[in-house]
Amino acid sequence: MLVLMGPPGVGKGTQAAMLEAELGLPQVSTGDLLRSARRDGSEIGSLAGEYMDAGRLVPDELVVALIKRRLERSDAQQGAILDGFPRTVDQAEALQTMLAEQNRQVDKAVLLTVKEEAVVSRILGRLTCGSCSSVFHVKTNRPRIDGICDSCGDKLESRTDDNAEAIRTRLATYRASTEPVVGFYRSQGLLREVDGGQTVDEVFQGLQGALKH
Ligand code: ADP
Ligand code: ZN
């Protein structure tokens, strides 16, 4: 099991999608799972919605249950690329217990690093496809046709939590609750770091290198 970590907007989702093709393991993003639960109008989705729009963390029990169900599916039996989970030390411990029960473990955690000024402008220009979760940017990664997803042809939109106020909360939440998870994996010798401030392809090369040792 591979864990991808880093602040909001660092490019975890973009890299996870590239790794999915490279490693043949599914990308499992709690953000995507929660957004699709909202679209489906499920109870989990409506419970999570308010937290997400405010940029706060959805309660641990809820995301842990969601991830457990996802990792039980057949496509995740060989492993998965976790993107956006775990985000608290309690989630990291729950993951460890859940995997141990299945004789599995986290093999590596890769931290993508970036300067805080850079993530704000990345997130503010971000366009997301509601259907396939592909991500574009109004300046640095424009879709071929304005407002239309290159991958599936659906409409692109800005996420409801991609506004200045929610971004500030998400960054503060990251520092307070998620940075300790970095220490958790570092102390187990599983942490690798990659500079996320480079181009998408350079970051991907750095990631592939980090996974080799
Ligand atoms: P980003 O990393 O850019 O903030 P995500 O799509 O990963 O975006 O997450 C969006 C929101 O979904 C988070 O702000 C949070 O409310 C919720 N969320 C996603 N993953 C988790 C998690 N592991 N624990 C709690 N909340 C989560
Ligand atoms: Zn799409």
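Analysis parameters
Residues numbered from 1 in each chain as written. Chains lettered and ligands numbered in written order. Predicted model: local features only at pLDDT ≥ 70, side-chain atom pairs only at ≥ 80, totals over all residues. Heavy atoms only, no water. 1 Å grid on protein atoms, 1.4 Å probe; cavity = no way out; pocket = protein on both sides within 12 Å on 5 of 7 lines; lining within 4 Å. Points joined across faces, edges and corners; volume = space filled by probe spheres on them. Helix = DSSP H or I, 4+ residues; strand = E, 2+ residues; numbered from the N terminus. Nonpolar A, V, L, I, M, F, W, Y, C, P; charged D, E, K, R; others polar. Domains from an automatic or database assignment. Contact = heavy atoms within 4.5 Å. Buried area = accessible area lost by both parts, 1.4 Å probe. Salt bridge = Lys/Arg side-chain N within 4 Å of Asp/Glu carboxyl O. Polar contact = N/O pair within 3.5 Å; in protein donor to acceptor, adjacent residues only side chain to side chain. Buried < 20%, exposed > 50% of the residue type's maximum accessible area, 1.4 Å probe, protein only. Near = heavy atom within 4 Å. Areas by Shrake-Rupley, 256 points an atom, 1.4 Å probe, with all protein chains shown as cover. pLDDT = per-residue confidence, 0-100.

**A short note on the layout of surface pockets**
Here is step 1 of the chain: In this structure, the second largest pocket occupies an estimated 310 Å³ of space.
Here is step 2 of the chain: Forming the walls of the second largest pocket are 16 residues, and the residues nearest its centre are Arg 35, Arg 39, Glu 157, Arg 159 and Thr 160.
Here is step 3 of the chain: Within the residue set of the lining of the second largest pocket, elements represented by two or more residues are helix 2 (30-39), helix 3 (43-54) and strand 5 (126-129).
Here is step 4 of the chain: Across the lining of the second largest pocket, the residue classes break down as 2 nonpolar, 6 polar and 8 charged.
Here is step 5 of the chain: In this structure, the lining of the second largest pocket is formed jointly by two domains, domain 1 (2-114 + 164-211) and domain 2 (126-161), each of which donates at least three residues.

**A look at unusual backbone geometry**
Here is step 1 of the chain: A cis amide bond, omega 0°, links Phe 85 with the succeeding residue Pro 86.
Here is step 2 of the chain: Looking at the secondary structure, you find Pro 86 in the loop between strand 3 (81-83) and helix 5 (89-101).
Here is step 3 of the chain: Its identity is not glycine, yet Asn 103 carries a phi of approximately 55°, on the positive side.
Here is step 4 of the chain: Mapped onto the elements, Asn 103 comes out in the loop between helix 5 and strand 4 (108-113).
Here is step 5 of the chain: Although it is not a glycine, Ser 133 adopts a positive phi angle of roughly 65°.
Here is step 6 of the chain: Structurally, the position occupied by Ser 133 is in the loop between strand 5 and strand 6 (135-137).

**A look at the domain arrangement of the chain**
Here is step 1 of the chain: Under the domain assignment, the chain is made up of domain 1 (2-114 + 164-211) and domain 2 (126-161).
Here is step 2 of the chain: Taken together, the contacts link 10 residues of domain 1 with 6 residues of domain 2.
Here is step 3 of the chain: Between domain 1 and domain 2, a total of about 700 Å² is buried, with carbon and sulfur atoms accounting for 32% of that surface.
Here is step 4 of the chain: Residue Arg 170 pairs with Asp 161 through a salt bridge whose shortest N-O separation is 3.8 Å.
Here is step 5 of the chain: Run the count over domain 1 and domain 2 and you get 4 residue pairs in polar contact (both at pLDDT 80 or more).
Here is step 6 of the chain: When contributions to the side of domain 1 that touches domain 2 are tallied by element, the ones reaching two or more residues are helix 2, helix 3 and helix 7 (164-187).

**Some words on the pattern of salt bridges**
Here is step 1 of the chain: According to the stated counting rule, one finds 13 salt bridges in the structure shown.
Here is step 2 of the chain: The salt bridge partner of Arg 142 is Asp 146, with a shortest N-O separation of 2.9 Å.
Here is step 3 of the chain: The exposure class assigned to Asp 146 is exposed, which follows from its relative accessible area of 56%.
Here is step 4 of the chain: The closest approach of N and O atoms between Asp 161 and Arg 159, which form a salt bridge, is 3.0 Å.

**What to know about the site of ligand 1**
Here is step 1 of the chain: Around ligand 1 sit 20 residues in total, of which Thr 30, Arg 35, Arg 56, Gln 91 and Arg 170 are the nearest.
Here is step 2 of the chain: Arg 35 places a polar side-chain atom, nitrogen or oxygen, 2.8 Å from an oxygen atom of ligand 1.
Here is step 3 of the chain: Within the complex, the protein chains bury 97% of what would otherwise be the 540 Å² of accessible surface of ligand 1.
Here is step 4 of the chain: For the shell around ligand 1, the per-class residue count stands at 7 nonpolar, 5 polar and 8 charged.
Here is step 5 of the chain: Inspection of the shell around ligand 1 shows a minimum of three residues originating in each of domain 1 (2-114 + 164-211) and domain 2 (126-161).

**Details of the confidence of the model for the chain**
Here is step 1 of the chain: Mean pLDDT over the chain works out to 94, with 100% of the residues at or above the 70 mark.
Here is step 2 of the chain: Here helix 6 (residues 116-124) is the element of the chain with the lowest mean pLDDT, 88, and strand 1 (residues 2-5) is the one with the highest, 98.

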